Amino acid sequence: MDSDSDNEHTVLCEKIINDMHTVFLKDTELSSFEIIPTVLNRNKSPVIHVEHNLGLESWCAKHVYDHAHRMLMGYKKQTVQRYVQQSEQLLKYLNVALLINPDVTAFWHIRRQLVQKNRLKMNRELKFSTLVLSKKPKSNEAFAYRRWLYSFQSNDAIDWHHEIGICERCADRSSSNYHAWSHRQWVLHNAPMLIRAEIMRSEKFMRKHISDYSSYHYRQILITFAYQMSFYETDQLHQLHDLKQLINYYLIAEVQCPAQILNIMLPGVDQAAIGEARLKSFLYCCNLAAHDMRLCDDQKNMYGERESFELHRRASLKFIVEQCVRLLSGDLMGIYSPPATPVQQQQFNTHLRKFDYNSYEFLRALKKSESLLGSKHRKWCSLFLGFDFESGAA
Amino acid sequence: MVKLFSLSVFYKGSPEARLLKSTYDLQSFSFFQRTAVQEFMTFASKTLVERTQPAMRQSVKQDVYMCHVYVRTDNLAGVLIADHEYPQRVAHTLITKVLEEFAAKIPTDQWQTGAENSIDFSILPSFLAKYQDPKEADALTKMQNDLDETKIILKNTIEAVLERGEKLDDMVAKSENLSMQSKAFYKTAKKTNSCCNFG
């Protein structure tokens, strides 16, 4: 009796898994998978396929997963050489098991082995991992698998815009999505030509997801990266509207042209030694940071206090101060770009603490103005920017 | 997230409120959830209108959602369901504006007898789309500073709006406007209330 019902159970699970596999074979454009909450088995097929969306009714998910898991563990007892021979069968169980539970590294590993033996196609695998992300936008395994797959492709052959789109969708579906934003950083570092588009996209995202600090953090990485790559947009350099406003706010001075801005922010610096591209990028990136400081203030007026506004404003302020200090003491440091290692960072922090802000008009005014924003902010400034308010002019 | 999900216009009859027009933006929900989510939003909107007095504004929080309700003295009512981060002032201004437009366009005799398919008010979706960005709409809201935010009544759950003895679970179970599928979604959401359960 028991073995009979066991048998029946197995047949049912096999049937459901086969149904799902048929959908996979038939529809190569599947865009989402999810488990549909249902209370009862209504004696209909629990596999639902509508307009490239695949759903599995919840009552059977546990049983189907158990069965697929058991079968896969059975295969794994054989040698690798043997089980990769049966890739069709394996794939059937792998798809179902990973869609229901994407967190099993062992199953992803079998897929990698199959790819290495040329049993699975790259394109199908990329699509499959996208499908997993539609169910679990925070799946680190799926992102890692994509990066692994791309390691076999040349950089030029990869559709990076598509990859950014996936990151954005996953971050939108699930807030503070560390894995999606890490993946996006990886994309950015591999495809610096995206910087310009990313500057626009990241702002749009921040405006919509006002408390999702992950997106603000990405923006900080992006601006630093743009500066590292000496990135600038020539048509923006004529305006620098936000930077002019910031200088105006601190110094109450009307500035007109980029040369004037440079004289105010970096007085006495040997501009020829630094190089034109670096200086242009300095202006461009500081303008972005000034833009973000203003954005945070505007958002605060609209939505009220949020930790993310406060923190991002500070990060943007820090960017501007740090880059000024770096260029002002260029001969001392010998490096103009942000520190690459923790040791360099530490050296720089020590340097920041010793830096004499009061000798420079712009930084002195900035320091004074920021000191008026409350005792907490003053404490942060002295810890992270090395402002010494006691002995200073403030 | 600064997002709007649904906007609907009702006529508050007694005892039932009549749905006159509605529009939804449910792209952020997964495909098979959308029908259930839509049914629930309509259900919640109707329930709230029925429990809001004329000339009263309420903003009711439920999980991450905020339902903004306004019933005019002439019993025309509007409900906006938004994410809780959407600014409340803009939300209520939107409702006021939509109801004004509606009242100007649809004759009063249709309010008590009309239904969604018989009422010609096709600009409702464009309101929802335009107000997705509250900043865009803010120019407009600044002109309407007569809206007194302190008069909006805030409630922490839908339960807090219900009358004595009423229970949300019972109302969901009894409702004829919710499908079996939606009721199953409601039960599962209550039980797990998380995304990391695959059972």
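This structure is a prediction, so every number in the text was calculated from the model and none was measured. (Residues numbered from 1 in each chain as written. Chains lettered and ligands numbered in written order. Predicted model: local features only at pLDDT ≥ 70, side-chain atom pairs only at ≥ 80, totals over all residues. Heavy atoms only, no water.)

**Points about the overall build of chain A**
Within chain A, the regular secondary structure consists of 21 helices and three strands. Computed over C-alpha atoms, the radius of gyration of chain A comes to 28 Å, more than 25% over the 21 Å expected from 2.2 N^0.38 for 394 residues, which places it beyond the range of a compact globule. For chain A, the spread of C-alpha atoms along the principal axes amounts to about 90 × 45 × 35 Å. Of the contacts formed within chain A by residues at least 6 apart in sequence, a portion of 64% connects residues at least 24 apart. As displayed, chain A has an accessible area near 19000 Å², and 51% of this comes from carbon and sulfur atoms. A distance of 3 Å separates the average location of the 49 positive side-chain charges in chain A from that of its 43 negative side-chain charges. (Helix = DSSP H or I, 4+ residues; strand = E, 2+ residues; numbered from the N terminus. Rg over C-alpha atoms; globule rule 2.2 N^0.38 Å. Contact = heavy atoms within 4.5 Å. Areas by Shrake-Rupley, 256 points an atom, 1.4 Å probe, with all protein chains shown as cover. Lys, Arg positive; Asp, Glu negative; His and termini not counted. Charge placed at Lys NZ, Arg CZ, Asp CG, Glu CD.)

**So, the overall build of chain B**
Within chain B, the regular secondary structure consists of seven helices and six strands. Ordered by position from N to C terminus, the α and β elements of chain B give β-β-α-β-β-β-α-α-α-α-β-α-α. Expected size for 199 residues packed as a compact globule is a radius of gyration near 16 Å; at 16 Å, chain B falls within 12% of this value. By its C-alpha atoms, chain B is 50 × 35 × 35 Å across when sized along the principal axes. The burial tally for chain B puts 49% of its 199 residues in the buried class. Put simply, 60% of the contacts in chain B that link residues at least 6 apart link residues at least 24 apart. Summed over all atoms, the accessible surface of chain B reaches about 10000 Å², with 51% contributed by carbon and sulfur. Distance from the positive charge centre (25 side chains) to the negative charge centre (25 side chains) of chain B: 3 Å. (Buried < 20%, exposed > 50% of the residue type's maximum accessible area, 1.4 Å probe, protein only.)

**Here we look at the sheet that holds strand β1 (residues 32-36) of chain A**
Residue and element names in this part refer to chain A. The three strands are arranged β1-β3-β2 in an open sheet whose pairing can be described as mixed. Looking along the sheet, the strands with just one partner apiece sit at the ends: β1 and β2 (47-50). The average angle at which neighbouring strand axes cross in this sheet is 20°, direction not considered. (Pairing = 2+ DSSP bridges. Axes fitted to C-alpha atoms, helices over the stretch in contact; angles between N-to-C directions.)

**Looking at the interface of chain B and chain A**
Every contact between the two is made by 21 residues of chain B and, on the other side, 31 residues of chain A. For the pair chain B and chain A, the number of links is one salt bridge. R306 of chain A serves as the salt-bridge partner of E85 of chain B, at 3.6 Å between the closest nitrogen and oxygen. Connecting chain B to chain A are seven residue pairs in polar contact (both at pLDDT 80 or more). Every element with two or more residues in the side of chain B that touches chain A is listed here: α5 (134-143) and α7 (180-192) of chain B. Per-element accounting of the side of chain B that touches chain A gives the leading share, four residues, to α7 of chain B. Grouping the amino acids of the side of chain B that touches chain A by side-chain chemistry returns ten nonpolar, seven polar and four charged. (Salt bridge = Lys/Arg side-chain N within 4 Å of Asp/Glu carboxyl O. Polar contact = N/O pair within 3.5 Å; in protein donor to acceptor, adjacent residues only side chain to side chain. Nonpolar A, V, L, I, M, F, W, Y, C, P; charged D, E, K, R; others polar.)

**Quick notes on the UniProt feature "domain: Longin" (unreviewed entry) in chain B**
Those places that UniProt annotates as "domain: Longin" (unreviewed entry) correspond, in this numbering, to residues 9-131 of chain B. The distance from the first to the last C-alpha atom of residues 9-131 of chain B is 16 Å, and the span holds 39% helix and 28% strand. (UniProt positions renumbered as here; feature names shortened; annotations may be inferred.)

**Some points on the packing of helix α2 (residues 58-76) of chain A against helix α4 (residues 87-100) of chain A**
Residue and element names in this part refer to chain A. In the contact formed by α2 and α4, the axes pass within 9 Å of each other and the chain directions differ by 135°. When the axes of α2 and α4 are compared, the pair comes out oblique. Note on packing geometry: the crossing formed by α2 with α4 is left-handed. Residues A61, V64, Y65, H67, A68, M71, L72 and Y75 of α2 touch α4, and the partners they reach there are Q89, L90, Y93, L94, V96, A97 and I100. Residue composition of the contact of α2 with α4, grouped by class: 13 nonpolar, two polar and no charged. (Parallel < 35°, antiparallel > 145°, perpendicular 65-115°, else oblique. Left-handed = near helix turned anticlockwise from the far one by under 90°.)

**Here we look at unusual backbone geometry**
The amide bond that connects S14 of chain B to the next residue, P15 of chain B, takes the cis arrangement and shows omega of 5°. The residue P15 of chain B is located in the loop between β1 (4-12) and β2 (17-24) in this model. With a phi close to 45°, E51 of chain A is a non-glycine residue in the positive phi region. Summarising the element assignment, E51 of chain A is placed in the loop between β2 and β3 (53-57). Residue classification places E51 of chain A among the exposed positions, given a relative accessible area of 61%. Its identity as a non-glycine residue notwithstanding, L240 of chain A has a phi of 45°, on the positive side. Mapped onto the elements of the fold, L240 of chain A is located in the loop between α12 (234-237) and α13 (241-251).

**Focus: the pairing of β2 of chain B**
Residue and element names in this part refer to chain B. Direction of pairing for β1 relative to β2: antiparallel, over a ladder of seven bridges. Across the sheet, the residue bridging to F10 is L19, located in β2. In textbook terms, the turn of a hairpin is the stretch between consecutive antiparallel strands, and for β1 and β2 this stretch comprises four residues.

**A word on the pairing of strand β4 (residues 65-71) of chain B**
All names here are of chain B. Burial analysis of β4 places six of its seven residues in the buried class, the great majority of the element. Across seven bridges, strand β3 (residues 56-62) lies against β4 in antiparallel orientation. For K61, the partnering residue across the bridge sits in β4 and is M66. Counting the residues in the hairpin turn of β3 and β4 gives two residues, including D63, whose phi is positive at 50°. Here seven bridges tie β4 to strand β5 (residues 76-83), and the two strands are oriented antiparallel to one another. Bridge pairing links H68 to L80 in β5.

**Focus: the side chain of H209 of chain A**
Here H209 of chain A is to be found in the loop between α10 (195-208) and α11 (213-228). Given a relative accessible area of 7%, H209 of chain A falls into the buried group.

**Comments concerning the confidence of the model for chain B**
Residues and elements named next belong to chain B. On average, residues of chain B carry a pLDDT of 87, and 91% of them reach 70 or more. Below a pLDDT of 50 lies the segment residues 194-199, which in the model reaches eight contacts outside its immediate sequence neighbourhood of four places, other chains included. The ipTM for the predicted assembly is 0.85, set against a pTM of 0.90. (pLDDT = per-residue confidence, 0-100.)

**Remarks on the nonpolar core**
Residue and element names in this part refer to chain A. In terms of nonpolar packing, the biggest core is built from 59 residues, with L243, M265, L266, F282 and F362 touching the most fellow members. With ten residues, the top contributor of residues to this core is helix α16 (residues 276-303). The residues touching L243, leaving out its near neighbours within four places in the chain, are I261, M265, L283, C286, N287 and A290. The next biggest cluster of nonpolar side chains, apart from the first, holds 57 residues, and it includes Y75, V84, I100 and A180. (Core = buried A, V, L, I, M, F, W, Y, C linked by side-chain atoms within 4.5 Å.)

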